[in-house]
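The residues making up each chain are set out below.
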Amino acid sequence: MDSSRNSRYAYPYTHGNSGADISPVTSKEIYQYDAPWHTYALDWCKSPIERKSFRLAVGSFIEDNNNKLQIIARTDILGGYDADQKDFTPVAEAESYYPITKVLWESYRGDSRNQDLLATTGDILRIWELVDNPRYGTNTNTINSSKRASSAYQQQLVKKAELVNMKQTDFCAPLTSFDWNETDPSLVVTSSIDTTCTVWNIETNQAKTQLIAHDSDVYDVAFMHGSADVFASVGADGSVRLFDLRSLEHSTILYEAPPVPNPSINGSSGHGTGLHTGTVPLLRLQFNRMNINYLATFHMDSSAIQILDIRFPSAPVAELIKGHHSSINCLSWAPTQSGHLCTGGDDSQVLVWDINQPVAGDTSRQTFHAGGQSRFNQQTPRAIQDPVLAYAAESEVNALTWSKVNADWIGVGFGKTIQALRV
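Residues numbered from 1 in each chain as written. Predicted model: local features only at pLDDT ≥ 70, side-chain atom pairs only at ≥ 80, totals over all residues. Heavy atoms only, no water.

## Side note on the overall build of the protein chain
Within the protein chain, the secondary structure is distributed over 3 helices and 29 strands. Relative to its full complement of 423 residues, the protein chain shows a buried share of 53%. Looking at the protein chain alone, contacts between residues at least 24 apart form 56% of all its contacts between residues at least 6 apart. Carbon and sulfur atoms provide 47% of the accessible area of the protein chain, an area that totals close to 18900 Å². (Helix = DSSP H or I, 4+ residues; strand = E, 2+ residues; numbered from the N terminus. Buried < 20%, exposed > 50% of the residue type's maximum accessible area, 1.4 Å probe, protein only. Contact = heavy atoms within 4.5 Å. Areas by Shrake-Rupley, 256 points an atom, 1.4 Å probe, with all protein chains shown as cover.)

Structure follows, in structure tokens:
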């Protein structure tokens, strides 16, 4: 990635110093996979096992009812590197009627289990297990195209559970996102356009609780890292709300987007915003992986990122501005550096920010190190304008995932392309 936008900052990741040594070919900085369909959902495998760590789960975005979930692995790790081979090889594929809004691998448990579990959302929550394909490499004369296709993959995705909560109505509202608890992997929380969030126990396949989280559509939800009880959500009402499973009688509004001026009220001849609530929706959020007090979010059609401190609700402590030239679509915190955040947008840029970098004229220096207790003295957010690294993709960036195991690799999705970028 290009650091020329701000040469004063040296990026802290050193090549070859990741959680797993998985690179028999050390000179490559970008690995690319060209999918047969437009991609949307994306996540790195979280297993520290060498042969498993450089795998990605990819979900399609196809408008008809022929969507796919695919697992891709680096070809040279699968066995025997050939310079003419493609960078990634699909090792498993499953069908999904609706587009997949999010995919996640289960966090590594470190116990005797050797399962590869994944979860996806779309119309409902599904749990998958990745297993070896007993039919791989066999010749078949069957006229069933799905069976012929399944024998072409080394592994297969087996559907373990389909979780849906329709106690009050026969209608199943689409799920916009979800998160998988790393502290207690039996817990998954989903968000829906029906204003609710649902916490599931995937070991019993039962809903643990369902709550009305927002006044309108809920667009994203995330557990606080290191907690089995605390999660936050964002939605079309423009708010960030914090919940605790131990006390669901109330929630904390961490942040509310400022109201949008309606031109018609001021006598303007222009049309209104079309947002009846008078606020701009918040689309995504993610907790900092190293400092549980911080999370990042962004508004719809915005080129700025807001950094929030849950100990001091109502206003961002920092904003990342002027890096993107159009709307931001996705973000991902670094797994080992508390101040580093990656963002992607419609301007085809992938930017890495350091929220600890000095700002000219800022006398209230604040660092976001894990466990830090200090806060900026000023009332207005600290404006951070210069990313430390920049990469230009070929089209709008719609997915980002920063590898937890191999911390110097970022997965990027744009168009029909998936790239693994070494930072």
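## Considerations on the sheet that holds strand E10 (residues 175-180)
Read across the open sheet, the 4 strands follow the order E10-E11-E12-E13; overall the sheet is antiparallel. Where the open sheet ends on each side, the last strands, each with one partner, are E10 and strand E13 (206-212). Mean inter-strand twist for the sheet, computed between neighbouring axes without regard to direction, equals 20°. Judged from the 5 bridges that link them, strand E11 (residues 187-192) and strand E12 (residues 196-201) form a sheet pairing that is antiparallel. (Pairing = 2+ DSSP bridges. Axes fitted to C-alpha atoms, helices over the stretch in contact; angles between N-to-C directions.)

## Some words on the confidence of the model for the protein chain
Taken residue by residue, the protein chain gives an average pLDDT of 85. The fraction at 70 or more is 78%. Here residues 267-277 scores under 50 on pLDDT; set against residues more than four positions off or in separate chains, the count is 11 contacts. Confidence drops under pLDDT 50 across residues 370-378; counting only partners more than four residues distant or on other chains, this segment forms 24 contacts. (pLDDT = per-residue confidence, 0-100.)

## Here we look at the packing of aromatic side chains
When we look at a pair of aromatic rings, we describe it by the centre distance and by the angle of the planes. Summed over the entire model, instances satisfying the criterion amount to 10 aromatic pairs. Ring centres of Tyr31 and Phe88 lie 6.5 Å apart, and the angle between their planes is 75°; on these two criteria the pair is classed as edge-to-face. Residue Tyr31 is located in strand E1 (residues 30-34), and its partner Phe88 is located in strand E5 (residues 88-96); the two are separated by 57 residues in the primary sequence. When sorted by exposure, Tyr31 lands in the same class as Phe88, which is buried. Consider the rings of Phe231 and Phe243, whose centres lie 5.2 Å apart with planes at 20°: the pair is stacked. (Phe/Tyr/Trp six-rings, centres within 6.5 Å; stacked < 30°, edge-to-face > 60°.)

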